[in-house]
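Chain by chain, the residues run as shown.
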Amino acid sequence: MSATAPLGASERIRVLVVDDNDGFRESLVFLLSGEDLEVIGQARTGPEAVEMTVRLMPDVVLMDVRMPEMDGIEATRRLKAARPTVGVVALSSMEEQRAVREMLVAGAVGYVLKDSDGDAIVHAVREAVSGGAPLSPEVAPVVIEELTDALDRERRRARQLEMAQQALLERAAHRQQLIGRVGHELRTPVTVILAIAQTMRRGQLSGRDLDDALETLVERSEGLARLVERFEGVIETGLTEWLNVTDLVREIAASDPRIRTEADVVPAMTTSNRAAGMRILDELVANALAFSPPDGVVTIKVTQNNGVQVRVIDEGPGIDEAALARIFEPLEQAEHLSTRTHQGIGIGLSLARLSAHAMGGDVTLERTGPDGSTFLWSLAVT
């Protein structure tokens, strides 16, 4: 029988209790020792919780969020990687927004406060067996607000992406029309020049006819050069948009006091699509803010060297080596919360890279380590 399937009447829910406070942990053991609950182990630290989860195979882990050595967030992430089906109920003495979000992302299916009614804690443990558990009334508004904000951000990003894709399609259509027109307009003078050149090569012209042919060749060549110059002007003004990347960066930075900018006095100009550029930069910055500590700083650095380079630098914990190969893959969001084993970077990086490629640039991970990560947005030379 699956560990997450409903238990029969004769079966007891096997619970592992994790808390670094001996007195509170013992009170939890007493509370959970009911007719359908069996406490099969107690752990004081995160590493102990992971080891005992693998060894004892509990149905539910009641996990303290704040512990020394390894907090409940990292312990949950590790034990879910080892046993994805185990139900984890987070237990905390505070309704901290970051802790709620990160525990749920790490794989917890419920979140209750330590001062909740005993029946509420017991109910959360029972519900966790089937893959879902309630949130404390004090915590629920925090989670709802977080999800609402995330949904609003994704709606804005989806709209920006839609606008960028439409603009790129229109640009491609205009480019195709222009190529057809260029081909038609250039074909006639090129044909005349080629015919004159072939006649002269055969040596069939002499005297006055040769002078006339040379004069016509020069006139046609000069006309062709002027025609090419006119089409270059059309391409420059009709199919590209001058974008001051520095202004774009400063506009993004104004949205959050944790963002600072570093840029030359000289504007970083390039030809690009503004909506797509905003979408790319917004995704990189939102990603950096999400993985930085609450008091961390995200730096956007603009440089110019054979093009424009925009670096988004965070102060987060870095990206795990095992995740490096998949950070631009749209896989993480597809995992269900109750069985999720990876924290997940999100689908936005994949879309940001696609948008950059469409404009001749790229988005890459330049460096990562325990002191933070740097993502590089390279814009094509104009």
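Refer to the structure presented above.
Residues numbered from 1 in each chain as written. Predicted model: local features only at pLDDT ≥ 70, side-chain atom pairs only at ≥ 80, totals over all residues. Heavy atoms only, no water.

Q: Looking at this structure, how should I read the packing of helix α1 (residues 22–32) against helix α5 (residues 118–128)?
A: In helix packing, the relevant descriptors are the interaxial angle and the interaxial distance, both defined with respect to the helix axes. For the pair α1 and α5, interaxial distance at closest approach is 10 Å and the crossing angle is 70°. When the axis of α1 is compared with that of α5, the two are roughly perpendicular. Contacts between α1 and α5 pair Leu28, Leu31 and Leu32 from the former with Gly118, Ile121, Val122 and Val125 from the latter. Across the contact of α1 with α5, the residue classes tally to 6 nonpolar, 1 polar and no charged. (Axes fitted to C-alpha atoms, helices over the stretch in contact; angles between N-to-C directions. Helix = DSSP H or I, 4+ residues; strand = E, 2+ residues; numbered from the N terminus. Parallel < 35°, antiparallel > 145°, perpendicular 65-115°, else oblique. Contact = heavy atoms within 4.5 Å. Nonpolar A, V, L, I, M, F, W, Y, C, P; charged D, E, K, R; others polar.)

Q: Just to check I follow, could you spell out the pairing of strand β3 (residues 60–64) for this structure?
A: Moving residue by residue along a regular strand, the side chains alternate between the two faces of the sheet. Within β3, 5 of the 5 residues are buried, which leaves the element mostly enclosed by the surrounding structure. Residues Val60, Leu62 and Asp64 of β3 are buried on one face, and the alternating residues Val61 and Met63, pointing to the opposite face, are buried as well. Of the strand pairs in this sheet, strand β1 (residues 13–18) and β3 are connected by 4 bridges, and their pairing is parallel. The residue of β3 that forms the bridge with Val15 is Val60. Each parallel crossover has a hand, and the one from β3 via helix α3 (residues 72–82) to strand β4 (residues 87–92) is right-handed. (Buried < 20%, exposed > 50% of the residue type's maximum accessible area, 1.4 Å probe, protein only. Pairing = 2+ DSSP bridges. Right-handed = clockwise from strand over helix to strand, strands pointing away.)

Q: Whenever I open this one, the packing of helix α2 (residues 46–56) against α3 confuses me. Can you help?
A: Interaxial distance between α2 and α3 falls to 9 Å at its minimum, and their mutual angle equals 15°. Relative to α3, the element α2 lies roughly parallel. Note on packing geometry: the crossing formed by α2 with α3 is right-handed. Where α2 approaches α3, its residues Gly46, Val50, Thr53 and Val54 are matched on the opposing element by Ala75, Arg78, Leu79 and Ala82. Looking at the contact of α2 with α3 residue by residue, the class counts come to 5 nonpolar, 2 polar and 1 charged. (Left-handed = near helix turned anticlockwise from the far one by under 90°.)

Q: I keep staring at the pattern of salt bridges and nothing clicks. Help me out?
A: Side chains that differ in sign of charge can pair as their charged atoms come close. Evaluation of the coordinates by the stated rule reveals 15 salt bridges. Residue Arg78 pairs with Glu74 through a salt bridge whose shortest N-O separation is 2.8 Å. Note that Arg78 and Glu74 are positioned in helix α3 at a spacing of 4 residues, about one turn of the helix. When its relative accessible area of 24% is taken as the criterion, Glu74 is described as partly exposed. A salt bridge links Asp371 to Arg367; its shortest N-O distance comes to 3.0 Å. On the accessibility criterion, Asp371 (51% relative accessible area) is exposed. Connected through shared salt-bridge partners, Asp19, Asp64 and Lys114 make up one network. (Salt bridge = Lys/Arg side-chain N within 4 Å of Asp/Glu carboxyl O.)

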